[in-house]
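Spelled out, the chains give:
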Amino acid sequence: MTRREGEAAPMRQPLRWLLLSALVIILDLGSKLLASALLTYARPVEVLPVFNLTLLHNPGAAFSFLAGHDGWQRWLFALIAVGASVGLTVWLTRLKRGETWLAAALALIIGGALGNLYDRLVHGYVVDFLSFHWGSHYFPAFNLADTAITLGALGLIVESLRDVRRARA
């Protein structure tokens, strides 16, 4: 297949970005292993006045969505993680040269999704341990995989805003 005039060349070795995904998985699973070994379940350890380390198990999704159900949600969220990871990996292979920001964002989301997928398949829940609060108001606990997914999603938003600006220019 030949390139049209003005069309960007394909990214060289786009799958190398999966190394970033692997790093996210390693850091995520390692931090969850440490949290599980060193923290007592549901007993906060204050690190800062607004931040605790608190070991929690989340059988649901973000903000404990569907956590109170009988366990079917484990497989639904696992299926979503696999589908999203495959879809994002295909997208990654189709990136053009210069789409570095987009590649990093996709890799972060893939790594986060697979880190949480491991927990769901092995434990039946996701290990969370990062807990921010303001006074008695607590933000739902999360982990490094969730952080990577959030950063990746923000990267996708930034990239789409940049595309809109380029289109207008």
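Just so it is clear, the structure is predicted and the values come from calculations on it, not from any experiment.

J.: Would you mind showing me how to read the overall build of the chain here?
T.: Across its full length, the chain carries four helices and four strands. Every one of the 169 residues in the chain was classed for burial, and the buried ones make up 36%. For the chain, long-range pairs separated by at least 24 residues make up 66% of all intrachain contacts whose partners lie at least 6 apart in sequence. For the chain, the computed accessible surface area is about 10700 Å², with 67% contributed by carbon and sulfur atoms.

J.: Help me understand the sheet that holds strand 2 (residues 51-58), please; the structure alone is not making it clear to me.
T.: Within the open sheet, the four strands sit side by side as 1-2-3-4. Their pairing is antiparallel. With partners counted over all chains shown, the strands left at the sheet margins are strand 1 (45-48) and strand 4 (137-138), one partner each. Note: strand 2 against strand 3 (residues 126-134), six bridges, orientation antiparallel. Directly across from Phe-51, in strand 3, lies its bridge partner Phe-132. Across the sheet, helix 1 (residues 18-38) lies against strand 2 and strand 3, angled at about 80° from strand 3, the strand it touches most. Against the sheet, helix 3 (residues 100-123) makes contact with strand 2 and strand 3, and its axis sits at roughly 120° relative to strand 3, the strand it touches most.

J.: Mind showing me how you'd approach unusual backbone geometry here?
T.: The phi dihedral of Gln-13 is positive, around 50°, even though this residue is not glycine. With respect to the helices and strands, Gln-13 occurs in the segment before helix 1. The backbone phi angle of Ala-42 is positive, close to 65°, even though this residue is not glycine.

J.: Just checking my understanding: could you explain the pattern of salt bridges for this structure?
T.: Side chains that differ in charge, positive against negative, can pair when their charged atoms come close. Scanning the entire structure with this criterion turns up three salt bridges. Lys-32 is paired through a salt bridge with Asp-28; the nearest N and O atoms lie 2.8 Å apart. Residue Lys-32 and its partner Asp-28 are located together in helix 1, separated by four residues, close to a single helical turn. By the burial criterion, Lys-32 is buried, and Asp-28 matches it. Put simply, Asp-28, Lys-32 and Asp-119 are held in one network by salt bridges that share partners.

J.: Even after reading the chapter, I still don't get a nonpolar patch on the surface, so can you show me in this structure?
T.: A contiguous nonpolar surface patch, about 410 Å² in accessible area, is contributed by Trp-75, Tyr-118, Leu-121 and Val-122. Tallying contributions element by element places helix 3 first for the nonpolar patch, with three residues. Tracing the chain through its elements places Trp-75 in helix 2 (residues 72-93).

J.: Mind showing me how you'd approach helix 3 here?
T.: Side chains three or four residues apart in an α-helix point the same way, a direct result of the helix having 3.6 residues per turn. Over its 24 residues, helix 3 runs 34 Å from end to end, which matches the ideal 34 Å to within 8%, given 1.5 Å per residue. For helix 3, a buried count of 17 out of 24 residues is recorded, marking the element as mostly surrounded by other parts of the structure. Just downstream of helix 3 lies Gly-124, where phi reads positive at about 85°.

Cut-offs and rules
Residues numbered from 1 in each chain as written. Predicted model: local features only at pLDDT ≥ 70, side-chain atom pairs only at ≥ 80, totals over all residues. Heavy atoms only, no water. Helix = DSSP H or I, 4+ residues; strand = E, 2+ residues; numbered from the N terminus. Buried < 20%, exposed > 50% of the residue type's maximum accessible area, 1.4 Å probe, protein only. Contact = heavy atoms within 4.5 Å. Areas by Shrake-Rupley, 256 points an atom, 1.4 Å probe, with all protein chains shown as cover. Pairing = 2+ DSSP bridges. Axes fitted to C-alpha atoms, helices over the stretch in contact; angles between N-to-C directions. Salt bridge = Lys/Arg side-chain N within 4 Å of Asp/Glu carboxyl O. Patch = residues over 30% accessible without salt bridge, like charges linked within 9 Å, V, L, I, M, F, W, Y side chains within 5 Å. Expected span 1.5 Å × (residues − 1).

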